[in-house]
Amino acid sequence: MMHEFKTFIARGNVLDLAVGVIIGGAFGKIITSLTESVIMPVVGFITGGVDFTRFFVRLGPIPATFKGDPTSYAELKTAGVPMIGYGDFITQAVNFVIVAFIIFLIVKAANRLLEKRKEEVPAAPAGPSEVELLAEIRDELRRRA
């Protein structure tokens, strides 16, 4: 079993996957920051200063010991109040769309680059067709007979 595990880990695909996961995590943080710090404030400005994090539905009572802002999703969440944070969901959905679009652009650019490389590589000269080979064999057999 250990031998199989070593073989599995030694494959290049596993290492490529590990690098992809690490880079993907860092990329996700950058996109989250872009969404929360740049895009959502612009969307909020366009919609008249609406803060999407304030969109939530409280499902339970606020504890008597709570001394924060009852309209703050983050403070209520920290206090353990059960809520549905649909504003946070909207932010995460926008974040997903941005990540998906950027990945689409990266894949599209990579495919375009690969297509250009394929065009630059000269095609190998075509060999004789089956009919030509059979004709050569026939002619050679006739010559020897």
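Novice: Tell me about the overall build of the protein chain, and please be specific about residues and values.
Specialist: What the protein chain contains, in helices and strands, is five helices and two strands. Computed over its C-alpha atoms, the radius of gyration of the protein chain comes to 31 Å, more than 25% above the 15 Å expected for a compact globule of 145 residues. For the protein chain, the spread of C-alpha atoms along the three principal axes comes to 110 × 50 × 25 Å. Per-residue burial over the protein chain gives 13% buried out of 145 residues. When the accessible surface of the protein chain is split by element, carbon and sulfur atoms take 67% of a total near 11,900 Å². The protein chain carries 16 positive and 15 negative side-chain charges, and their two centres are separated by 3 Å.

Novice: Lay out a nonpolar patch on the surface in plain terms, naming residues and giving numbers.
Specialist: A cluster of nonpolar side chains, namely V57, L59, I84, Y86, F89 and I90, defines an oily patch on the protein surface of about 570 Å² accessible area. Counting residues per element, the nonpolar patch draws most heavily on helix 4 (residues 86-120), at three residues. The topology assignment puts L59 in the loop between strand 1 (57-58) and helix 3 (73-78). The class for L59 is exposed, based on a relative accessible area of 55%.

Novice: Describe in detail the packing of aromatic side chains, supporting the description with residues and values.
Specialist: Taken as a whole and judged by the stated rule, the model has three aromatic pairs. Geometrically, the ring pair formed by F56 and Y73 is tilted, given 5.7 Å between the ring centres and 45° between the ring planes. Of this pair, F56 sits in the loop between helix 2 (12-46) and strand 1 while Y73 sits in helix 3, and the two are 17 residues apart along the sequence. Overall, the relative accessible area of 16% leaves F56 in the buried class.

Novice: Break down the pattern of salt bridges for me, with residues and values.
Specialist: Opposite charge on two side chains lets them pair, provided their charged atoms get close. With the rule as written, the count across this model stands at three salt bridges. Residue E140 pairs with R143 through a salt bridge whose shortest N-O separation is 2.2 Å. Residue E140 and its partner R143 are located together in helix 5 (residues 130-144), separated by three residues, close to a single helical turn. Residue class for E140 comes out partly exposed when judged on its relative accessible area of 28%. A salt bridge links R144 to E140, with the nearest nitrogen and oxygen atoms 3.2 Å apart. One end of the pair, R144, and the other, E140, are both in helix 5, four residues apart, so they sit about a helical turn from each other.

Novice: Mind laying out the environment of D139, listing which residues take part and the relevant values?
Specialist: Note that D139 resides in helix 5. Here the side chain of D139 touches R138 through a polar contact of 3.1 Å, side chain to side chain.

Novice: Explain the nonpolar core to me, using residue names and the numbers behind them.
Specialist: One finds F56, F66, Y73, L76, V81 and M83 forming the largest nonpolar core, which totals six residues. Leaving out residues up to four positions away in the same chain, L76 has contacts with F56, R58, I62, F66, D69, P70, V81 and M83.

Novice: Requested: an account of the environment of Q92, with residues and values cited.
Specialist: Relative to the helices and strands, Q92 resides in helix 4. Distance in space between the C-alpha atoms of Q92 and K116 is 36 Å, their sequence separation being 24 residues.

Conventions adopted
- Each chain has its residues counted from 1, following the order in which its sequence is written.
- A pLDDT threshold of at least 70 governs which residues receive local features in this predicted model, and a stricter bar of 80 or more applies before side-chain atom pairs are shown or counted, although totals over entire chains, interfaces and linings include all residues.
- Excluding hydrogens and water, the side-chain values take into account all heavy atoms of the structure.
- Strands here are runs of E lasting at least two residues and helices are runs of H or I lasting at least four, both read from the DSSP assignment and numbered beginning at the N terminus.
- With the radius of gyration taken over C-alpha atoms, the globule rule is written as 2.2 Å times the number of residues to the power 0.38.
- Partly exposed residues are those whose accessible area sits between 20% and 50% of the maximum for their type, while under 20% is buried and over 50% is exposed, using a 1.4 Å probe and protein chains only.
- For the accessible areas, the method is Shrake-Rupley and the probe is 1.4 Å, while residue cover comes only from the protein chains on display.
- When charges are counted, Lys and Arg contribute as positive and Asp and Glu as negative, whereas His and the chain ends are disregarded.
- Where a charge sits is defined by one atom per residue type, namely NZ (Lys), CZ (Arg), CG (Asp) or CD (Glu).
- Like charges within 9 Å and nonpolar side chains (Val, Leu, Ile, Met, Phe, Trp, Tyr) within 5 Å are joined into patches, using only residues over 30% in relative accessible area that form no salt bridge.
- Salt bridge, as applied in this entry: a Lys or Arg side-chain nitrogen positioned within 4 Å of an Asp or Glu carboxyl oxygen.
- Stacked, tilted and edge-to-face pairs are distinguished by plane angle, under 30 degrees for stacked and over 60 for edge-to-face with tilted covering the rest, among Phe, Tyr and Trp rings (Trp via its six-membered ring) whose centres lie within 6.5 Å.
- Here a polar contact is recorded for every N or O atom pair within 3.5 Å, except that within protein the pair must consist of a potential hydrogen donor and a potential acceptor, and residues adjacent in sequence are included only if both atoms are side-chain atoms.
- What makes a nonpolar core is a set of buried Ala, Val, Leu, Ile, Met, Phe, Trp, Tyr and Cys residues whose side-chain atoms join them at distances within 4.5 Å.
- The contact criterion used is simple: two residues touch if any of their non-hydrogen atoms lie within 4.5 Å.

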